[in-house]
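Residue strings, one per chain:
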Amino acid sequence: MPALVLLGAQWGDEGKGKATDLLGGSVDYVVRYQGGNNAGHTVVVGDQKYALHLLPSGILSPGCTPVIGNGVVVDPSVLLSELSGLNERGVDTSKLLISGNAHIITPYNVTVDKVTERFLGKRKIGTTGRGIGPTYADKINRVGIRVQDLYDESILTQKVEAALDAKNQMLTKLYNRRAIAVEQVVGELLGYADKLAPYVADTVLVLNEALEQDKVVLFEGGQGTLLDIDHGTYPFVTSSNPTAGGACTGAGVGPTKISRVIGILKAYTTRVGAGPFPTELFDEDGEALRRIGGERGVTTGRDRRCGWFDAVIARYATRVNGLTDFFLTKLDVLTGWEQIPVCVAYEIDGRRVEELPYSQTDFHHAKPVYEMLPGWSEDISKAKSFSDLPKNAQAYVKALEEMSGAPISAIGVGPGRDETIEINSFL
Ligand code: GDP
Ligand code: IMO
Ligand code: MG
């Protein structure tokens, strides 16, 4: 049976949480494969709203086993408070599995994230300040702390010492901060060991056995394609691989197992933090998208930058992820515009460019070339099938599909589970 990947096709916040939750009822496992609590995934079930950061959105579906894969970075205090918050609301979290190979976001990683951003000044990335980049840097530098290290005090102490040796030099001599004591960090981390122990597992084995037994596994990306460390708008990116290949390395499942890759695509574009954004709006249309779309960050509460749909980006996401389908979200937010501009290409230094330029300089100079599509004024939030949509909304969806290079298999017309038009089944 299939392994599916569900990921963000733009700069994050496309509605991945809602889409994962929608499929959660029909899949056996939902797996986060990268990122950490920089993610903020909103799920609305009936009159209940959940904001998930580290836990896979499948946690809200009783039959589904949520998995935090080896590629994720885990802040234990955030994880435990997210679990207890859900328990208080009656959600059973006992099935959760956490990879023993996942890396831990330590308190010093959070400190380094914040001081680095401060020192970058106006060149800052606008990170979420959750320690994500420094934790992945430690992983690559081979001085990271893994979940399994919590169960061997001697190894944990040696590793924290090795990591802090260099960091304390940097914190005290370069950043003028106090040194961090090894014992304090080790003590704090050991305090999480017993609480996390019931969840720690060999998730690679579990997932591969599940696939052999024809179980359905859904990989839920955090962030989005344009925030990918390799394929995004570097350096204004996150420090992991949200793109489809990241699901293989971040969960230990071979590419031959993946049968479908679904790109979550907002009907317009948003971005949080710094970096280029060709279709960004600074006028009342941008303000209206922010207001109607409720475009405020779930993790940091920052206003999201808003702009029109960018088909160049959608085509790029299709290519680098091998997308088989799109799930178009928030079409309802566009109701009421007489005409809706859609970016079909860029103009860069007087040239028309159809595909995303690999050169950062070119992308910074890219000006959107817009095509105007006719809008609609009818309320679409109750639409259940494609034919329920007004003709112009249908034409908007069809135009986006043609420009983006993969079929639009579902359309979101509201935040709720049932506010979705399913066109082709995902399973
Ligand atoms: P994620 O990070 O990709 O999971 O997305 P976020 O949760 O950060 O942001 C998406 C927001 O849009 C959330 O508030 C969702 O409840 C909401 N949302 C998702 N799909 C739709 C939709 O089709 N229509 C509307 N109006 N809201 C949606
Ligand atoms: P979800 O999963 C939107 C952005 C930050 C910043 C950059 C690097 O909800 O779509 P980081 O803390 O990751 O080192 O910050 O990436 N960013 C996101 N933007 N949605 C997210 O997650 C994001 N996670 C990180 O704003 O620009
Ligand atoms: Mg989000």
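If you're wondering where the values come from, they're calculated on a predicted model, not measured in any experiment.

1. Observations concerning the coordination of the magnesium ion (ligand 3)
Here comes step 1: Every protein donor of the magnesium ion (ligand 3) is listed here as D13 (OD) and G40 (O), and their distances to the metal cover 2.0 to 2.1 Å. Taken together, the residues D13 in the loop between β1 (3-8) and α1 (16-24) and G40 in the loop between β2 (29-32) and β3 (41-45) connect sequence positions 27 residues apart.
Here comes step 2: What makes D13 partly exposed here is its relative accessible area of 22%.

2. What to know about the site of ligand 2
Here comes step 1: Taken together, 20 residues lie near ligand 2, and K16, H41, T128, Q223 and T238 sit nearest.
Here comes step 2: For ligand 2, an oxygen atom lies 2.8 Å from a polar atom in the backbone of D13.
Here comes step 3: A distance of 2.8 Å is found between an oxygen atom of ligand 2 and a backbone nitrogen or oxygen belonging to Q223.
Here comes step 4: Protein burial of ligand 2: of its 550 Å² of free accessible surface, 97% is covered by the chains.

3. Structural notes on the UniProt feature "binding site: Mg(2+)" (unreviewed entry) in the protein
Here comes step 1: What UniProt calls "binding site: Mg(2+)" (unreviewed entry) maps, in this numbering, to D13 and G40. These annotated residues cover 28 residues of sequence, and their C-alpha atoms lie no more than 7.6 Å from one another, placing them together at a single site.
Here comes step 2: Apart from the residues within four sequence positions on either side, D13 is in contact with G40, K266, T270, V272 and R304.
Here comes step 3: When neighbours within four sequence positions are excluded, G40 is seen to be in contact with D13, L52, H53, V298 and T299.

4. Some details on the pairing of strand β19 (residues 408-412)
Here comes step 1: For β19, the tally of buried residues reaches 5 of 5 residues, placing the bulk of the element in the interior.
Here comes step 2: Across 3 bridges, strand β15 (residues 325-329) lies against β19 in parallel orientation. Looking at the pairing, L328 lines up with I411 of β19.
Here comes step 3: Note: β19 against strand β20 (residues 420-422), 3 bridges, orientation antiparallel. The partner of G412 across the bridge, within β20, is T420.

5. Here's the deal with the pairing of strand β5 (residues 65-68)
Here comes step 1: Neither face of β5 is left uncovered, since the one carrying T65 and V67 and the one carrying P66 and I68 both have all their residues buried.
Here comes step 2: As paired elements, β2 and β5 share 4 bridges and run parallel to each other. If you follow V30 over to β5, its bridge partner there is P66.
Here comes step 3: With 2 bridges joining them, β5 and strand β7 (residues 97-99) adopt parallel strand pairing. The residue bridging I68 from the neighbouring strand is I98, located in β7.

Reading the values: rules and limits
Residues numbered from 1 in each chain as written. Chains lettered and ligands numbered in written order. Predicted model: local features only at pLDDT ≥ 70, side-chain atom pairs only at ≥ 80, totals over all residues. Heavy atoms only, no water. Donors = N, O, S within 2.8 Å, 3.2 Å for Na, K, Ca; no water. Helix = DSSP H or I, 4+ residues; strand = E, 2+ residues; numbered from the N terminus. Buried < 20%, exposed > 50% of the residue type's maximum accessible area, 1.4 Å probe, protein only. Near = heavy atom within 4 Å. Polar contact = N/O pair within 3.5 Å; in protein donor to acceptor, adjacent residues only side chain to side chain. Areas by Shrake-Rupley, 256 points an atom, 1.4 Å probe, with all protein chains shown as cover. UniProt positions renumbered as here; feature names shortened; annotations may be inferred. Contact = heavy atoms within 4.5 Å. Pairing = 2+ DSSP bridges.

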